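Okay, here's what each chain looks like letter by letter:
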Amino acid sequence: MSKQEVEVKSPNAQAHNEQNAQSLLPTYARFPLAIVKGKGSWLWDDQGRKYLDFMSGIAVTNLGHVPEKVKEAVVKQIDELWHISNLFQIPNQEEAGKLITDNSGGDAVFFCNSGAEANEAAIKLARRYQQLVKQNGRYEIITFEQSFHGRTLATLTATGQDKVKEGFAPLPGGFKTVKYNDFDVLKAAISDHTAAIMLETVQGEGGIYPASQSYLKQVADLCKQEGILLIIDEIQTGIGRTGKLFAHEHYGIEPDIFTLAKGLGSGFPVGAMVAKEELRAGFSAGSHGSTFGGTPLAAAAVKATLEIIVADNLWERAAKQGAYLVEQLRENLAGNAFVEEVRGLGLLIGIACKGPVADIIVKAQQEGLLIISAGPNVLRLLPNLLVTNEEIEIAVSILAKLLAEAAE
Ligand SMILES: *Cc1c(COP(=O)(O)O)cnc(C)c1O
């Protein structure tokens, strides 16, 4: 698409942004960019400038922007029915759920609208199962330093970062945060009150830290021995991003519960909690719910997204393109004094640096590349699963240039 084909909506993006920002609460430090159009790996702003998207709306648009088959499915559903209460049967929600359970170790799905809600549902199900089914009075959820689980009161309490908790006291009780990737510390923290352990297989917001193979195996075994439920937060790592459909598959473990959102609907807002058969008894009619969870529209987006990913084994493509991106980065950043290491899994990649990266993100935008950070010193790369070698090479050349400048 050329510059002329893009409708220019605002004569000045900066002025437009400042003017409209007054109508919104200041919960985001927004870049002075208004993106108005997207296709595949590419985005256009209201000035007609083109950007290569290596953040995918933070791991959301895993099939690229406006994927044709998902669009067709949603448009077809828009013509038929948008909303009907969960008090009725919703056939395509059942089919979307079956696509998840057929392709994972999970057996039953609860649909909601976001990641935080999926984790909230997981926390509620874990407690209710322990208290009403197992009758053991357990309530405590153990989570980890540098984790991220969402912004509701319960999920920000579960999050192992102080900055998201500031000013929100009193926080709900029954949460404990311990060091990640340290089995002895975790073992010492469990007690008769421990209902569940909740973790990310790769800490996304916290800085792209994968759990070690041996650690997660030990954690899964400990949970089995002690009757503790294992909850895996797959909100950022799921839907093919890390080179498996769900990242816990890399570790040969089966969580009791895992949660999804971000990539699940290709950008249509939807979340899901997936539970093992035994957990079904933890909920009954009326124990949990959501007006919008899994509406026909959301279910159409989920179904189309998962059908494409499963039909083409797109997680394999994520593994292959991720390996190429890491190889290209390591080759082009070798000897760079500002870069500490390149790490990650599949297409969830971090470039850990020796100083703050905020400036580099802004400079990359000016060069036509959109990326984000994961903590102050880590650049996070999250291209879509269909990213091409050529697009990878463009991104790497921009990053190599900016990181060379940063090293001077
Ligand atoms: C983004 C994210 C969440 C929160 O999802 P929302 O849809 O923003 O509520 C939870 N956990 C992880 C690991 C995430 O990356």
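Residues numbered from 1 in each chain as written. Predicted model: local features only at pLDDT ≥ 70, side-chain atom pairs only at ≥ 80, totals over all residues. Heavy atoms only, no water.

Engineer: I'd like to hear about the UniProt feature "binding site: pyridoxal 5'-phosphate" (unreviewed entry) in the protein chain, residue by residue, with values.
Structural biologist: UniProt annotation of "binding site: pyridoxal 5'-phosphate" (unreviewed entry) refers to G115, A116, F148, D233, E234, I235, Q236 and T291 when read in the numbering used here. Annotated residues spanning 177 residues; largest pairwise C-alpha distance 25.3 Å, indicating distribution over more than one region. Its location among the elements puts F148 in the loop between β5 (140-144) and α6 (153-158). The contact partners of F148, leaving out residues within four places of it in the chain, are T159, Q161, V164, E200, E205 and D233. By the secondary structure assignment, T291 is in the loop between β12 (271-275) and α9 (296-311). Judged by its relative accessible area of 56%, T291 is exposed. In this structure, T291 is in contact with H83 and N86, ignoring residues within four places of it in sequence. (UniProt positions renumbered as here; feature names shortened; annotations may be inferred. Helix = DSSP H or I, 4+ residues; strand = E, 2+ residues; numbered from the N terminus. Contact = heavy atoms within 4.5 Å. Buried < 20%, exposed > 50% of the residue type's maximum accessible area, 1.4 Å probe, protein only.)

Engineer: Pulling in residues and values, what's your account of a nonpolar patch on the surface?
Structural biologist: Nonpolar side chains collect at one region of the surface, where L153, F168 and L171 lie side by side and expose about 260 Å² of accessible area between them. As for its position among the elements, L153 is in helix α6. Judged by relative accessible area, which is 46%, L153 ranks as partly exposed. (Patch = residues over 30% accessible without salt bridge, like charges linked within 9 Å, V, L, I, M, F, W, Y side chains within 5 Å. Areas by Shrake-Rupley, 256 points an atom, 1.4 Å probe, with all protein chains shown as cover. Salt bridge = Lys/Arg side-chain N within 4 Å of Asp/Glu carboxyl O.)

Engineer: So what's going on with the sheet that holds strand β1 (residues 35-39)? Residues and values would help.
Structural biologist: The strands making up a sheet associate through hydrogen bonds between their backbones, and the pairing can be parallel or antiparallel. Taken in spatial order, the four strands of this open sheet run β1-β2-β3-β15, and their pairing is mixed. Strands with a single pairing partner mark the edges of an open sheet, and in this sheet they are β1 and β15 (369-370). Looking at chain direction, strand β2 (residues 42-45) and strand β3 (residues 50-53) are connected through three bridges and run antiparallel. Bridge pairing links W44 to K50 in β3. (Pairing = 2+ DSSP bridges.)

Engineer: Can you lay out the packing of helix α10 (residues 314-333) against helix α12 (residues 389-407) for me, pointing to particular residues and giving the numbers?
Structural biologist: With their axes 10 Å apart at the nearest point, α10 and α12 run at an angle of 30° to one another. As judged from the angle between their axes, α10 and α12 are roughly parallel. The hand of the α10/α12 crossing is right-handed. Seen from α10, the contacting residues are Q321, Y324, L325, Q328, L329, N332 and L333; seen from α12, they are N389, I392, E393, V396, L399, A400 and L403. In terms of residue class, the contact of α10 with α12 is built from nine nonpolar, four polar and one charged. (Axes fitted to C-alpha atoms, helices over the stretch in contact; angles between N-to-C directions. Parallel < 35°, antiparallel > 145°, perpendicular 65-115°, else oblique. Left-handed = near helix turned anticlockwise from the far one by under 90°. Nonpolar A, V, L, I, M, F, W, Y, C, P; charged D, E, K, R; others polar.)

Engineer: Please give an account of the nonpolar core that cites residues and values.
Structural biologist: Counting residues in hydrophobic clusters, the biggest one holds 82 residues, and the most contacted among them are I100, I197, V219, L329, I351 and L403. By residue number, the principal contributor to this core is α9, which donates nine residues. A domain split of this core shows at least three residues from each of domain 1 (3-60 + 314-407) and domain 2 (68-311). For I100, the residues in contact, after removing those within four places along its chain, are V109, F111, F246, F258, L260, L264, A272, V274 and L306. By size, the runner-up hydrophobic cluster in this structure holds 23 residues, among which are A118, I123, A126 and A154. (Core = buried A, V, L, I, M, F, W, Y, C linked by side-chain atoms within 4.5 Å. Domains from an automatic or database assignment.)

Engineer: Mind laying out the UniProt feature "binding site: N(2)-acetyl-L-ornithine" (unreviewed entry) in the protein chain, listing which residues take part and the relevant values?
Structural biologist: When the UniProt feature table is mapped to this numbering, "binding site: N(2)-acetyl-L-ornithine" (unreviewed entry) covers R151 and S290. Position of R151 relative to the elements: it lies in the loop between β5 and α6. On the accessibility criterion, R151 (57% relative accessible area) is exposed. Looking at the secondary structure, you find S290 in the loop between β12 and α9. On the accessibility criterion, S290 (19% relative accessible area) is buried. Among residues more than four places away in sequence, those in contact with S290 are N86, F110, F111, C112, N113 and E117.

Engineer: Give me the lowdown on the sheet that holds strand β17 (residues 378-381), citing residues and values where you can.
Structural biologist: What the four strands build is an open sheet, ordered β13-β14-β17-β16; its pairing is antiparallel. Where the open sheet ends on each side, the last strands, each with one partner, are β13 (339-345) and β16 (372-373). Here strand β14 (residues 348-353) pairs with β17 via four bridges, running antiparallel. Looking at the pairing, I351 lines up with L379 of β17.

Engineer: Describe the side chain of T194, listing the residues and the values that go with them.
Structural biologist: With respect to the helices, strands and loops of the structure, T194 is situated in strand β7 (residues 194-199). Accessibility expressed as a relative area gives 0% for T194, which makes it buried. Looking at T194, its side chain comes within polar contact range of the main-chain nitrogen of S191, at 2.8 Å. Once residues lying within four places of it in the same chain are set aside, the contact partners of T194 are R138, E140, I142, A189 and I228. (Polar contact = N/O pair within 3.5 Å; in protein donor to acceptor, adjacent residues only side chain to side chain.)

Engineer: Give a detailed account of the pattern of salt bridges, specifying residues and quantitative values.
Structural biologist: Applying the stated criterion across every chain yields a total of 13 salt bridges. A salt bridge links K39 to E68; the shortest N-O distance between them is 3.1 Å. Separated by 29 residues along the polypeptide, K39 in strand β1 and E68 in helix α3 (residues 68-80) bring together distant segments of the chain. Classification of E68 by relative accessible area gives partly exposed; the value is 40%. Linking K276 and E254 is a salt bridge whose minimum nitrogen-to-oxygen distance equals 2.4 Å. Of this pair, K276 sits in the loop between β12 and α9 while E254 sits in the loop between β10 (229-233) and β11 (257-260); the two residues are 22 residues apart in sequence, bridging distant segments of the chain.

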